[in-house]
Amino acid sequence: MENYDIVVIGGGPAGLAAAVSARENGIDRIIILERDKELGGILNQCIHNGFGLHTFREELTGPEYAGRFIQQAAKRNIEYKLNTMVMDISWDKVVTAMNREEGVFEIRAKAVILAMGCRERARGALNIPGYRPAGIFSAGTAQRLVNMEGYLPGREVVILGSGDIGLIMARRMTLEGASVKVVAELMPYSGGLKRNIVQCLDDYGIPLKLSHTVIDIKGKERVEGITLAEVDCKGRPIPGTEESYSCDTLLLSVGLIPENELSQGMGVELNPVTSGPRVNESLETNIEGVFACGNVLHVHDLVDFVSEEAEAAGKNAAAYVLDRRIECTDRITLKAETGVRYTVPETICPGRMEEKMKVRFRVGKVYQNCYISVYFDDERMIHRKKRIVAPGEMEEITLTKEQLLAYPRMKEITVKVEEA
Ligand SMILES: Cc1cc2nc3c(=O)[nH]c(=O)nc-3n(C[C@H](O)[C@H](O)[C@H](O)COP(=O)(O)OP(=O)(O)OC[C@H]3O[C@@H](n4cnc5c(N)ncnc54)[C@H](O)[C@@H]3O)c2cc1C
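Residues numbered from 1 in each chain as written. Predicted model: local features only at pLDDT ≥ 70, side-chain atom pairs only at ≥ 80, totals over all residues. Heavy atoms only, no water.

## Considerations on the overall build of the protein chain
At step 1: Within the protein chain, the regular secondary structure consists of eight helices and 27 strands.
At step 2: Computed over its C-alpha atoms, the radius of gyration of the protein chain comes to 22 Å, within 12% of the 22 Å expected for a compact globule of 420 residues.
At step 3: Dimensions of the protein chain along its principal axes, counting C-alpha atoms only, are 65 × 60 × 40 Å.
At step 4: In the form shown here, the protein chain has an accessible surface area of approximately 19,200 Å², with 48% of it arising from carbon and sulfur atoms.
At step 5: Side chains of the protein chain give 52 positive and 60 negative charges; the mean places of these two sets differ by 2 Å. (Helix = DSSP H or I, 4+ residues; strand = E, 2+ residues; numbered from the N terminus. Rg over C-alpha atoms; globule rule 2.2 N^0.38 Å. Areas by Shrake-Rupley, 256 points an atom, 1.4 Å probe, with all protein chains shown as cover. Lys, Arg positive; Asp, Glu negative; His and termini not counted. Charge placed at Lys NZ, Arg CZ, Asp CG, Glu CD.)

## Here's the deal with the side chain of T227
At step 1: Positionally, T227 belongs in strand β15 (residues 225-230).
At step 2: Not counting residues within four places of it along the chain, the set of residues in contact with T227 comprises T213, V214, I215, D216, K218, E242, E243 and S244. (Contact = heavy atoms within 4.5 Å.)

## As for the packing of aromatic side chains
At step 1: Within the structure shown, the criterion is met by five aromatic pairs.
At step 2: Ring plane angle 90° and centroid distance 5.3 Å describe the contact between F376 and Y407, whose orientation is recorded as edge-to-face. A residue pair is termed long-range when its members are at least 10 positions apart, and F376 in strand β24 (residues 367-376) and Y407 in the loop between α8 (401-405) and β27 (412-419) qualify at 31 residues.
At step 3: On the basis of relative accessible area, F376 is assigned to the buried category, the value being 2%.
At step 4: For Y407, a relative accessible area of 24% gives the class partly exposed. (Phe/Tyr/Trp six-rings, centres within 6.5 Å; stacked < 30°, edge-to-face > 60°. Buried < 20%, exposed > 50% of the residue type's maximum accessible area, 1.4 Å probe, protein only.)

## A look at the environment of Q143
At step 1: Inspection of the secondary structure puts Q143 in helix α3 (residues 139-149).
At step 2: On a C-alpha basis, the gap between Q143 and G166 in space is 9.4 Å, while along the polypeptide they are 23 residues apart.
At step 3: Setting aside residues up to four positions removed in sequence, Q143 forms contacts with Q45, C46, H48, M148, I165, I168 and M169.

## Quick word on the sheet that holds strand β16 (residues 243-246)
At step 1: Strand order in the open sheet formed by three strands is β14-β15-β16, with antiparallel pairing between adjacent strands. The open sheet has two edge strands, β14 (212-218) and β16, and neither has a second partner. Between one strand axis and the next, the sheet turns through 30° on average, direction left out of account.
At step 2: Relative to β16, β15 runs antiparallel, the two being bridged by four bridges. Residue pairing in the sheet places I226 in a bridge with Y245 of β16. (Pairing = 2+ DSSP bridges. Axes fitted to C-alpha atoms, helices over the stretch in contact; angles between N-to-C directions.)

## Thoughts on the packing of α3 against helix α4 (residues 164-175)
At step 1: Between α3 and α4, the shortest axis-to-axis distance is 9 Å and the interhelical angle comes to 35°. Regarding α3 and α4, the two cross each other, and that crossing is left-handed. On α4, the residues touching A139, G140, A142, Q143, V146 and N147 of α3 are I165, G166, I168, M169, R172 and M173.
At step 2: Of the residues assigned to the contact of α3 with α4, the class counts are seven nonpolar, four polar and one charged. (Left-handed = near helix turned anticlockwise from the far one by under 90°. Nonpolar A, V, L, I, M, F, W, Y, C, P; charged D, E, K, R; others polar.)

## Examining the site of the ligand
At step 1: Around the ligand, the surrounding shell holds 31 residues, and the nearest of these are A14, E34, I42, H48 and N295.
At step 2: A distance of 3.3 Å is found between an oxygen atom of the ligand and a backbone nitrogen or oxygen belonging to P13.
At step 3: Here an oxygen atom of the ligand and a backbone polar atom of N295 are 2.8 Å apart.
At step 4: Contact with the protein chains covers 94% of the free accessible surface of the ligand, which is 970 Å².
At step 5: Elements with a minimum of two residues in the shell around the ligand: α1 (13-24), β6 (85-89), α3, α4 and α7 (303-321). (Near = heavy atom within 4 Å. Polar contact = N/O pair within 3.5 Å; in protein donor to acceptor, adjacent residues only side chain to side chain.)

## Quick look at the layout of surface pockets
At step 1: Roughly 480 Å³ of volume is contained in the second largest pocket.
At step 2: Around the second largest pocket sit 19 residues that line it, and A312, E354, K356, M357 and K358 are the ones nearest its centre.
At step 3: Of all the elements in the fold, those that place two or more residues in the lining of the second largest pocket are α7 and β23 (356-363).
At step 4: A per-element tally of the lining of the second largest pocket places α7 first, with six residues.
At step 5: Here the lining of the second largest pocket is composed, by residue class, of six nonpolar, three polar and ten charged. (1 Å grid on protein atoms, 1.4 Å probe; cavity = no way out; pocket = protein on both sides within 12 Å on 5 of 7 lines; lining within 4 Å. Points joined across faces, edges and corners; volume = space filled by probe spheres on them.)

## Observations concerning the nonpolar core
At step 1: In terms of nonpolar packing, the biggest core is built from 64 residues, with I6, V7, I9, I89 and L114 touching the most fellow members.
At step 2: Counting residues per element, this core draws most heavily on α7, which supplies eight residues.
At step 3: When we break this core down by domain, the ones giving at least three residues each are domain 1 (1-120 + 258-325) and domain 3 (329-420).
At step 4: Excluding anything up to four places from it in sequence, L114 contacts I9, I89, S263, V268, T285, V290, F291, A292, C293 and V296.
At step 5: Listed in part, the 23 residues of the second largest apolar core include V359, Y367, I372 and I413. (Core = buried A, V, L, I, M, F, W, Y, C linked by side-chain atoms within 4.5 Å. Domains from an automatic or database assignment.)

## Remarks on the domain arrangement of the protein chain
Note on interface size: it is often stated as the accessible area lost on association of the parts.
At step 1: Split by domain assignment, the protein chain resolves into domain 1 (1-120 + 258-325), domain 2 (122-254) and domain 3 (329-420).
At step 2: Each side of the interface is counted separately: domain 1 has 20 residues, and domain 3 has 19 residues.
At step 3: Carbon and sulfur atoms supply 47% of the area buried between domain 1 and domain 3, which totals about 1,600 Å² over both sides.
At step 4: Along the contact surface separating domain 1 from domain 3 lie six salt bridges.
At step 5: Here R362 makes a salt bridge to D301, at a shortest N to O gap of 3.0 Å.
At step 6: At the boundary of domain 1 and domain 3, one finds 13 residue pairs in polar contact (both at pLDDT 80 or more).
At step 7: Of the residues in the side of domain 1 that touches domain 3, the class split is six nonpolar, six polar and eight charged. (Buried area = accessible area lost by both parts, 1.4 Å probe. Salt bridge = Lys/Arg side-chain N within 4 Å of Asp/Glu carboxyl O.)

Have a look at this one:
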């Protein structure tokens, strides 16, 4: 069995940035295991621009952004194996993987960084009545077909779900010559970034129907049309609001699910809200020496934040391997309350945290003219006015070590939305 200091599972932007950072922080024996035929993860199929504004102060395409990190990894001679599927990780960090050349093999790691990304929620999870004709794709699959394989999945398209991938595919399909009839969204607000609604729908005259869902799919061999209906506040279709659209393709963009089967298998505790591991200030899971970053931890809307988070995970994994960590004596719990669905991380050890630390979270619905408030036990420490917050946009607050050390007996930090 081979031994490595750090094994990184997944060679997407999170895995790459974590590996580069671990190397920069003094680790020699690092390996990235990637099941695909190339590094870069899902960014390889995101050929539109808009990536890297925060990280590189430039507007890059997805492959260009991934390319920057692939170059950084190559410059540091970071080892990787492609076409290599990780099948199991034991609680004591033995990684079992397989590929065509070596068959099944095992690697013993001192630390593991989980960076497996996420997958799209499929139609099966939606319970739409009707036959199962050809022409129903997840938006990500359609993105891969159009941008990487050179196929156009259809000519008349309806999109269900207004997450970022759905919005981006509305524009992409239009640019490729298809007619996108409508984007329907079950919730009364879009799940995507405001900038994507403007640039991908409004600029192309594609209607967005909020509080609408697909209630029927017509066609036996191939999709021939769909029926939309408005829904009430409980998501139930309202009789009499049905509208028919003829189309040959239905794209589903109905949410992403972090890929945590491996994590669960090794005993990593998951947060039921994010479906990602519960982590502390070091992005370390409940298993010592096992770290998580990127979309496997919680679904991000901007890859720049994935890279930032992964850099921290790599640095913390290096400190663990090199036994450079400060003993953790006190732990503060972070609580998500009124309007805030979750926080990453969920606990903080003030002695171990960086001088400044970002806490990221999402809200459960749209709030206008509200405040994001942070309480140290019962004392309000942050009260930041926001014109609008929405579930589609990740929020963050910054905590400093100095602030936390000034409250040595603090047990809880609460993050909540307060309406004006
Ligand atoms: C379909 C889709 C389209 C997207 N489009 C955009 C966009 O346009 N703009 C944007 O900012 N963000 C987009 N995102 C979000 C984007 O994915 C993230 O910002 C970023 O790519 C997440 O990086 P990651 O490394 O965490 O995950 P990924 O990029 O998904 O990388 C995870 C890697 O882990 C590998 N892996 C998983 N399991 C295993 C295993 N068992 N063994 C070995 N390897 C494994 C995967 O093959 C993959 O390469 C999109 C996401 C999806 C799913």
